[in-house]
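Chain by chain, the residues:
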Amino acid sequence: MCIRDRIRAFYQRSGGKSDPIDNTQYSIVRPGGNFGKHNNLAQHNYNDKYQFVENFSIFLGNHSIKLGAEYIFSPSGVDVFDNFIPGQYVFNTDKPFNASDPTTYPYSFSYCKGDPPFDLPYHFFAPFVQDSWRIHPRVTLNLGLRWNYYDCAGLKEDNFNIKQLNPRFGFSWDPTGDGKTSIRGGIGTFTANMNSNPAFPVIFFQDVTMTVLYYPGYPDPFKPNPFVAGMAIPTVFDEYVETKAVAPWTLQTTLGVQREILTDFSVSADLVYSRG
C-alpha cells in the first residue's frame, strides 16, 4: 500500500474601479439613446478568493483511491456604488426640452438614497471520494461521489437536496487485449458553483431606498412639473421571502471508442448526452 498527500493553497485578489467623467450628472434615457453618466457609476468593487485543496491518494492492490476536500472563501462587494445616484431621467420623446411644451418633460426620475456599499461573503465546501478499480487486466471501473455545500449572503441554499450530491460511474474496456483499442463510457451528475448576483438586491436594498418620481420637473427633478401633477413612489423591500436554492445541476453521460492506427496516431468517436 502507498499513500500520498497533496495540499494546495491559493489566494487571488481582483476588482476594479469605474468612474464617470462627471459623477454629478444625471443619467438620461430617451427613445433615441442614453446620455449622461451610466446609472450605476461610480463603482468600486473587490473580489478576494482564498482556496484550500487537499487530496489523499491511496494505492491498494487493484484500487487507486483518491479522497479529499476543497474549501473556498470569497469575500466580495463594493466600496462605492452610485446606483441611480444622483438619479436617472426617462423621456418618452427625442424632442429637445422646451419649458413651454408639456410633451418634452420627462416621464419619470429614479434615484436612490442610503448607504450603497455592501459585502457579499461566499463560502464553498466540497468533500469527495473516487476509486479507479482494475477488476480485470482489460477492464477498469471508476466510481466517485462528491458533495457540494454553499453559503452565500442573501441566499438560502438547499445544501441537503439530493442534487447537491454528485455520483459518477465510468468504465474503460480493452476488447482486443493488445492495448490499441479502448471502449469507454460514463455517467454522472455535475454541479456548477452558485452565482451570488441574485443576492444583490437583497443586500443592497437593506440600507438603500429607491424612489421613482413620475412627471417630475426639469432640469430640477424635485421642483413640480407645471403641467402635470407628479407623484413619488418609493421602492422598498418590505418583505423578502427566501426560498431554498439548488445549485445549477446537469446529468452527463458519454460512450466512445478509440483505436490506435499507427504509432502516435489514433481515431476516436464519442457520443455525449447532457441534460440539466
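What you see is a predicted model, and the numbers here were worked out from it, not measured in a lab. (Residues numbered from 1 in each chain as written. Predicted model: local features only at pLDDT ≥ 70, side-chain atom pairs only at ≥ 80, totals over all residues. Heavy atoms only, no water.)

Caption draft 1: Seen up close, the pairing of strand β5 (residues 63–74). As judged from the eleven bridges shared by strand β4 (residues 43–60) and β5, these two strands associate in the antiparallel manner. Each bridged residue has a counterpart across the sheet, and for Q51 the counterpart in β5 is I72. Between β4 and β5, which pair antiparallel in sequence order, lie two residues; one of them, G61, sits at a positive phi of approximately 60°. The pairing of β5 with strand β10 (residues 122–136) spans twelve bridges and is classified as antiparallel. (Pairing = 2+ DSSP bridges. Helix = DSSP H or I, 4+ residues; strand = E, 2+ residues; numbered from the N terminus.)

Caption draft 2: Representation of the packing of aromatic side chains. By the definition in use, this model includes 27 aromatic pairs. Each ring, one from Y89 and one from F109, has its centre 4.8 Å from the other, and the planes form 55°; the classification is tilted. With Y89 in strand β7 (residues 88–90) and F109 in strand β8 (residues 108–114), this residue pair connects regions lying 20 residues apart in the sequence. The residues Y89 and F109 share a single accessibility class, namely buried. Where Y107 meets Y215, the ring centres are 5.7 Å apart and the plane angle is 85°; that geometry is what we call edge-to-face. On the criterion of sequence distance, the pair formed by Y107 in the loop between β7 and β8 and Y215 in the loop between β16 (208–214) and β17 (231–235) is long-range, its members being 108 residues apart. Y107 gets classed as partly exposed once you look at its relative accessible area, which sits at 33%. Three or more aromatic residues joined by ring pairs form one cluster here, namely Y26, Y89, F91, F97, Y105, F109, Y111, Y218, F222 and F227. Taking NZ or CZ as reference, R30 lies 3.9 Å from the ring centre of F91, over its face. Looking at K163, its charged tip hangs above the ring of W249, at a distance of 5.0 Å from the centre. (Phe/Tyr/Trp six-rings, centres within 6.5 Å; stacked < 30°, edge-to-face > 60°. Buried < 20%, exposed > 50% of the residue type's maximum accessible area, 1.4 Å probe, protein only. Lys NZ or Arg CZ within 6 Å of the ring centre and 35° of its normal.)

Caption draft 3: Molecular detail of the confidence of the model for the protein chain. Per-residue confidence for the protein chain gives a mean pLDDT of 91, with 97% of residues at or over 70. Averaged pLDDT values over the elements of the protein chain bottom out at 78 in strand β18 (residues 244–245) and peak at 98 in β7. (pLDDT = per-residue confidence, 0-100.)

Caption draft 4: Representation of the pattern of salt bridges. Applying the stated criterion to the full structure yields five salt bridges. Of the charged contacts, one joins D48 and R13 as a salt bridge, the two residues approaching to 2.7 Å between their closest N and O atoms. Remark: R13 occurs in strand β1 (residues 2–18) and D48 occurs in strand β4; sequence separation between them is 35 residues. For D48, a relative accessible area of 8% corresponds to the buried category. A relative accessible area of 55% places R13 in the exposed class. K95 is the partner of D101 in a salt bridge, and the nearest nitrogen-oxygen pair spans 3.5 Å. Classification of D101 as partly exposed rests on a relative accessible area of 22%. Residue class for K95 comes out partly exposed when judged on its relative accessible area of 39%. (Salt bridge = Lys/Arg side-chain N within 4 Å of Asp/Glu carboxyl O.)

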